[in-house]
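Okay, here's what each chain looks like letter by letter:
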Amino acid sequence: SSGINAEYGGAAIKLRVLLPCVTSAIETIITSTDHDLRAVTDMLTKTIETNVTHDIKSQVGTITTIFVKLLSYRDTATGFNDAIEDEVIECFVGLVYKLTEKEFLPLLVTLLEWSEGSLDRSTAFYNLAAQLSQKLQGLFLLFGGSVYVSLVEVLQNCKPTDTSPEFGNKRPKLELGSELCKFALQTLYNMLRYDTTHAFTTADRFETLLPALLDLITLPDITHLTPALAQLPVAANSDRLWKQFNFQLLNLSKSPLPKVRENVVTVYKEFVMKLGQDYSILLPDTLPFLAELLEDSDSNVEEKTHQIVKAIEDITGESMDQYL
């Protein structure tokens, strides 16, 4: 790969000498037919591991340029391989561990600004954000405010353009962006579940995120929506917001579309399980919806509602027969 060999590591070579060579090598590799960046990421990983933190910090500008080029792989390569992008991200995570919060924030903001306005770049950025938020856990929330506005915008663009009865034959608005939506939802889920102090999930953010996520309930596949949407009220940690969530989600169960009703009960079951012992206060408001859903014409909806009833009985320790 352009004469770069990961085997000689990076320990013996000064960063200021090595990095310009890496930059030019990336250009050559991405535009070649092989475009396998692994030799570069292997060497960069070794270099970051073996160089002292002071040397790395002095070269943050050049390193930022390198990662912008590496993350452009999805956008510029003639063929795309998920595994190569994941290696770039793994290498980036190694760098993050060497930086302070103050040093990392400008780097993250630079990458976010670079990604805006391009589907491929945004997808690469949110793949990075999803993996970073998983690895850094609660620490990622120090930078959550910087990503939040962009994240909301992405989620608002994931909704289907049509929710009429024929929507099953329609394609979601971001057909090419289904991966972007997946990574954005994974990022949000990680931010919500690691928000153990409930400092990130303020009432204002809850009020913005809830409608954006509820709009996605009409998507044919809610695999990545379910954990994020169910976690939102838990992270908000407020009786008032739980009740708001409870009503707004269950109200969507009145949809004429069986798939939407099924999506609602799928998310609702997850919400009940996550809230656990705190769920009891929501029961009086919920009973009329459950009574109706237990009689649903769609067998999947009816079956999943029975599962919800069982989950509530396990939590409260009492039979629901007297209420339903």
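Here the structure is a predicted model, which is why all the values come from computation and not from measurement. (Residues numbered from 1 in each chain as written. Predicted model: local features only at pLDDT ≥ 70, side-chain atom pairs only at ≥ 80, totals over all residues. Heavy atoms only, no water.)

1. Let's talk about the overall build of the chain
When helices and strands are counted, the chain shows 16 helices and zero strands. Residues counted as buried form 50% of the 324 residues belonging to the chain. Long-range pairs, those at least 24 residues apart, make up 73% of the contacts in the chain between residues at least 6 apart in sequence. Counting every atom, the chain has about 14800 Å² of accessible surface; 50% of that belongs to carbon and sulfur. (Helix = DSSP H or I, 4+ residues; strand = E, 2+ residues; numbered from the N terminus. Buried < 20%, exposed > 50% of the residue type's maximum accessible area, 1.4 Å probe, protein only. Contact = heavy atoms within 4.5 Å. Areas by Shrake-Rupley, 256 points an atom, 1.4 Å probe, with all protein chains shown as cover.)

2. A few points about the nonpolar core
A general feature of soluble globular proteins is that nonpolar side chains tend to end up buried together. Counting 108 residues, the largest nonpolar core has F92, Y126 and L132 as the members making the most contacts within it. By residue number, the principal contributor to this core is helix 10 (residues 178-193), which donates nine residues. Residue contacts for F92: discarding those within four places in its chain leaves F67, F104, L107, L111, L128 and L132. (Core = buried A, V, L, I, M, F, W, Y, C linked by side-chain atoms within 4.5 Å.)

3. Details of helix 12 (residues 225-236)
Compared with an ideal rise of 1.5 Å per residue, which puts 12 residues at 16 Å, helix 12 spans 17 Å between its outermost C-alpha atoms and is within 8% of the ideal. The buried fraction of helix 12 amounts to 12 of the 12 residues, a majority that puts the element mostly inside the structure. Every buried residue belonging to helix 12 is among L225, T226, P227, A228, L229, A230, Q231, L232, P233, V234, A235 and A236, and all of these are buried. In the core, the buried residues of helix 12 are packed alongside helix 10, helix 11 (203-214), helix 13 (239-251) and helix 14 (258-275). Downstream of helix 12 by one or two residues, N237 has phi in the positive range, about 55°. (Expected span 1.5 Å × (residues − 1).)

4. Let's talk about the state of the cysteines
Within the structure shown, the criterion is met by one disulfide. Each disulfide pairs two cysteine sulfurs, and for C158 the partner residue is C181, the sulfurs being separated by 2.1 Å. Sign of the S-S torsion, about -110° for the bond between C158 and C181, identifies this disulfide as left-handed. Residue C158 is located in the loop between helix 9 (144-156) and helix 10, and its partner C181 is located in helix 10; the two are separated by 23 residues in the primary sequence. The exposure class assigned to C181 is buried, which follows from its relative accessible area of 10%. (Disulfide = S-S within 2.5 Å.)

5. Points about the packing of helix 7 (residues 101-115) against helix 8 (residues 119-136)
Following both chains from N to C, one finds helix 7 and helix 8 inclined at 150°, their axes separated by 8 Å at the closest point. Counted together, F104, L108, L111, L112, W114 and S115 of helix 7 and R121, S122, F125, Y126, L128 and L132 of helix 8 form the full contact between these two elements. (Axes fitted to C-alpha atoms, helices over the stretch in contact; angles between N-to-C directions.)

6. So, the layout of surface pockets
Roughly 220 Å³ of internal volume is contained in the second largest pocket. Surrounding the second largest pocket, 13 residues form its lining, E116, G117, S122, E153 and V154 being those nearest its centre. For the lining of the second largest pocket, the secondary-structure elements that each account for two or more residues are helix 8 and helix 9. Its residues placed into classes, the lining of the second largest pocket shows five nonpolar, six polar and two charged. (1 Å grid on protein atoms, 1.4 Å probe; cavity = no way out; pocket = protein on both sides within 12 Å on 5 of 7 lines; lining within 4 Å. Points joined across faces, edges and corners; volume = space filled by probe spheres on them. Nonpolar A, V, L, I, M, F, W, Y, C, P; charged D, E, K, R; others polar.)

7. Looking at the packing of helix 4 (residues 60-71) against helix 7
Between helix 4 and helix 7, the least distance of the axes is 11 Å, while the angle of their chain directions is 35°. Seen along the crossing, helix 4 lies across helix 7 with a hand that is right-handed. Here helix 4 contributes T64, V68 and L71 to the contact with helix 7, which in turn contributes L107, T110, L111 and W114. Partitioned by chemical class, the residues of the contact of helix 4 with helix 7 number five nonpolar, two polar and no charged. (Left-handed = near helix turned anticlockwise from the far one by under 90°.)

8. Let's talk about unusual backbone geometry
In the Ramachandran plot, H198 falls in the positive-phi region, its phi being about 60° despite a non-glycine side chain. Tracing the chain through its elements places H198 in the loop between helix 10 and helix 11. Phi at N237 takes a positive value of approximately 55°, unusual for a residue other than glycine. As for its position among the elements, N237 is in the loop between helix 12 and helix 13. On the basis of relative accessibility, which here comes to 43%, the residue N237 falls in the partly exposed class.

9. With respect to the environment of A83
Here A83 lies in helix 6 (residues 82-96). Along the backbone, A83 and R38 are 45 residues apart, and their C-alpha atoms lie at a distance of 9.5 Å.

10. Quick word on the pattern of salt bridges
Counting across every chain of the model gives 10 salt bridges. Residue E85 pairs with R74 through a salt bridge whose shortest N-O separation is 2.8 Å. Pair noted here: E85 is in helix 6 and R74 is in helix 5 (residues 73-76), with a separation of 11 residues, a long-range link. An identical accessibility class is assigned to E85 and R74; each is buried. (Salt bridge = Lys/Arg side-chain N within 4 Å of Asp/Glu carboxyl O.)

11. Quick word on the packing of aromatic side chains
Per the counting criterion, the structure on display carries nine aromatic pairs. With a centroid separation of 6.3 Å and 75° between ring planes, the pair formed by Y268 and Y279 is classed as edge-to-face. Residue Y268 is found in helix 14, and its partner Y279 is found in the loop between helix 14 and helix 15 (283-293); the two are separated by 11 residues along the sequence. Across this residue pair, the class does not change: Y268 and Y279 are buried. (Phe/Tyr/Trp six-rings, centres within 6.5 Å; stacked < 30°, edge-to-face > 60°.)

Treat this as a map of the structure, not an account of what it does.
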